[in-house]
Structure formats: structure tokens, C-alpha cells
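Here's the letter readout for the chains.
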Amino acid sequence: MTKTLHLGQTLTFTGDPFTQGPAAATHSSRGAVLVEAGRVVAAGEADALRAQHGEAEVIDHGAGLILPGFVDAHMHYPQTAMIASWGKRLIDWLNSYTFPEEGKFADRAYADEIAKRTLDLAISNGTTTLTSFCTIHPGSVDAFFEAAEARGMAAFAGKTCMDRNAPDYLSDTAQSAHDDSKALIERWHGKGRATYVITPRFSPTSTPEQLEALGALWAANPSCLMQTHLSEQVDEIEWVSGLYPEARDYLDTYEQHGLLGARGLYGHAIHLEPRETDRLREVGAGLVHCPTSNTFIGSGLFDMAARMAEGQRIGLASDTGGGSSFSMLRVMGAAYEIGQLKRNPIHPAQLLWLATEGSAKVLHAEGEIGRLAPGSMADMIVLDLASTPGIAQRSALASDIWEALFPTIMMGDDRAIAKTYVAGRQVKG
Ligand SMILES: [Zn+2]
């Protein structure tokens, strides 16, 4: 099997920058990543690896920064076509734009078209793994996993389940949600790089019977992940308390029905009660921060410092089309801006870690994605730290790698992604 040695700048984490600061990362201005059969064999200094692996084919990326591909821990591929739709509040936005668009996914050909478009946009933006809600139509899940499989990409997704407070054309039942999800698990979970994610949209659009059925399905398939939304907007929380009068809080609507666990992904999780943060931490659940969505829809300011101090497990996500960008660079920039509004300046090392290893950890896929270390998949990008004149003139003054990287985090877009590799195969650039 051919070995390929990628030369460039490298930045690798050996620890958690939220506890160890930027010292958790190692920067090499002349680093290298050795790839064989789609996986990383070694990462280190270029001279040493060249001497040890003289037989390897060499690809020199110059001053490009070699990083793991970004991992988006929460998004809605069926909303790709309606990104950046002007609106009022979450519920109006769902009714005006989201539901009519999701209804189109009854047509498998349309689902295929948008799945391919979404994954190609992801590759162009340096995102090598998407975690997606689909629609209620099982064909929307097949479309997404098939498009990811064709590109060799890791994919996390599931059929969105809704049996109330949704239009008739987007409603299933407790039984059909269970049975359709079960059939999709049998078809996709663990096939190639696919992971099935049991997906109740959120408590307002599921009856207690549907949540119970999906909780039972998760208990029967514990290696699956589970994703939903939690405490995104204040008026949504009031709605939930009216629909579930017996629940102690929003999280309890999931907990009472077997939908709280370490492999659970809770999108947004902004307005939390102390009991909820305690329970999320106790079970080791994944909180998924969606900063571009939170500012776009006006949901609120996620308290990164408080959640990290509690020891929560946190990933980062675009939440497109609620989020207003396909670029995880813009998502990192928005996380920084929200941190500033909370008097918590998030360091670029922490932003980068959240978009790679942090998200991989909430997906329980660390070791496989999100880090360029021996044994992990060679899903990687080459970042151009001078992709526009405005970024180039700022990064030219940088005194270290973090100062060189930060202008790209704040001002960069798909132009900063010089190359994208999936399982060692070049798919952009
Ligand atoms: Zn969402």
C-alpha cells in the first residue's frame, strides 16, 4: 500500500485546551502527516518522518496548515436550500420556512439532490463530518447516508420524528416513528462510516408516547446516538412546560422517557436550570453549541465558561439552516463573539479544539475523527492562513501560530480551505 507524506505546518492537540490552555497543542512550522490506506500512521516533524519513510510519496503543502477536517455536531441538511431566511422567532421560522421545505423530501430525487449539495458544500468548507437531522421520510435518511458513502465520509444522521404540532404532511406516529427508525438502524447503523442517530426533533413535536417509543428503541440499540433540541428559546421552554405539566423541567421530558444518556446530543442547551446542568454532567451527555444559529434566530447566549467549569462535554455545530453559515470558521468566530458578550474570551486553541476533537468526543468518535494521530482516519484539511488580502496583511504580523490563525477564524470562509481530504483521498483543491 502506498504511503503519502504530507508536509506543511501542523497543529496537534495532546491535551484539552480548556483545562491546559494553548499548551495543550503542539505547533510545528515544518511538520508532517504520514497517511496509509486512508488512515494516519504518524504525525511529527517533517525531517524525522522523511528520514524514516523515504519510500513515501511526498506532497508539500508549503506554509499551509494541516488540520483535522472540521466536525459539525448538529445540522439539518434538509434546510440547506433555505439558509438565511429572514424571520421572527423560532416557531414562526419553523412554520414559515422549515416545514414547507422539509415537506419536499417526500420526493426521493429532491432529497438526493440536497444531500449531495450539502455534502459538497461541507467539503468545500473543510467540514469532513456532518451530524444531521433528516426529515420524517425514511428516504431522506437513505439519501444522506448514500451521498456520504459515495464521498467516503463519516456520517451521523437519523429520521426526524414528529407526531404533533407539525403539519399533517410532516407527521408520523409513535409506532411508525419507532418502526421506521428501527428499519433504518438495521439498514445503516455501523455500515461503513455511517452511525445512526435516533432523532426526536424536540419535545413540542412529540407526544409522550412517541418519546417513550424512541427511548425504548435507544435502550434496545445502545450503540446508536440520540439527538434532539433542548432549551433553545425562552418561549419554547414555556411551551414545553404547558405540554408536559408533570415534567420537572425541559430535560425531564427526555429523561422520563429514556432519552437522557451519555450518547445523547442536546442541541443549543442555552437556558438551563441547575437540575438540568447537574443531570447532563452526571450522565456525561453531549451539549452542542450552535452560535451562528443562536445569534441569527435570537435564541440567547450559551455560557461556555460556566458549562466547561461544570465539566460538561461540549461540541460545536453550524445548525444550518437555523445557522447562517456553512463554514465552521464562521461558527468558531461566532462562538468567540458570544464568549466576548459573556466576558469570556475563548482562545483560538479552544475554538479549534471544539470544532474538531470536542465535536468528535460528543459523537463518541474520538480516535476515529477530529484529530490527526496514529490510527485516526485521514480526514484532513490544508488551511491557507492568507486566503484574502485582509487576512494576509494581518497574519503577516503574527508572532505565533495562534495570532496567525485567529484572523482566518474571524474573517475566513471556504476560500481559506485550500484542500480537503477524506480518508486520505483529496476531494477539494
Ligand atoms: Zn437544530
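Above this text sits the structure in question.
Let me sum up the structure you'll find in this document. (Residues numbered from 1 in each chain as written. Predicted model: local features only at pLDDT ≥ 70, side-chain atom pairs only at ≥ 80, totals over all residues. Heavy atoms only, no water.)

1. A short note on the coordination of the zinc ion
Note the cut-off: With water excluded from the atoms, a metal site may look incomplete; its donors are any N, O or S atoms within 2.8 Å, or within 3.2 Å for Na, K and Ca. Angular criteria define each label, namely tetrahedral for four donors with all angles between 85 and 135 degrees, square planar for four and octahedral for six donors with opposite donors over 155 degrees apart and remaining angles between 65 and 115, and irregular for whatever fails these tests. Secondary structure elements are defined from DSSP: runs of H or I of at least 4 residues count as helices, runs of E of at least 2 residues count as strands, and each element is numbered from the N terminus. Throughout this description, buried means an accessible area under 20% of the type-specific maximum (1.4 Å probe, protein chains only), exposed means over 50%, and partly exposed covers the range between.
Here the zinc ion is held by the protein donor atoms His74 (NE2), His76 (NE2), His229 (NE2) and Asp319 (OD), which lie 2.1 to 2.3 Å from it. Metal-centred angles of 89 to 168° between the four donor atoms at the zinc ion mark the site as irregular. All donors of the zinc ion belong to a single chain; written as a sequence motif, their spacing is H-x1-H-x152-H-x89-D. One end of the pair, His229, is in strand β10 (residues 225-230); the other, Asp319, is in the loop between β13 (313-316) and α13 (328-341), and 90 residues separate them in sequence. Given a relative accessible area of 3%, Asp319 falls into the buried group.

2. Focus on unusual backbone geometry
Between Thr320 and the following residue, Gly321, the backbone shows a cis peptide bond with an omega angle of -5°. Along the chain, Gly321 turns up in the loop between β13 and α13. Phi at Asn165 is positive, roughly 55°, even though this residue is not glycine. Given the relative accessible area of 39%, Asn165 is considered partly exposed. A positive phi angle is found at His364, which is not glycine, with a value near 55°. Among the residues examined, His364 registers a relative accessible area of 27% and is labelled partly exposed.

3. Let's talk about the pairing of strand β2 (residues 25-36)
Each regular strand carries side chains that alternate between the two faces of the sheet. Short version of the rule: Here a strand pair is declared whenever DSSP counts at least two bridges between the two strands.
Bridging between strand β1 (residues 3-13) and β2 involves 10 bridges; their strand directions are antiparallel. Across the sheet, residue Leu7 finds its bridge partner in β2, namely Ala32. In this structure, β2 lies alongside strand β3 (residues 39-45), joined through six bridges in antiparallel fashion. Opposite Leu34, over in β3, you have Ala42 as the bridge partner. The antiparallel pairing of β2 with β3 creates a hairpin that spans two residues between the two strands, and Ala37 there sits at a positive phi of about 50°.

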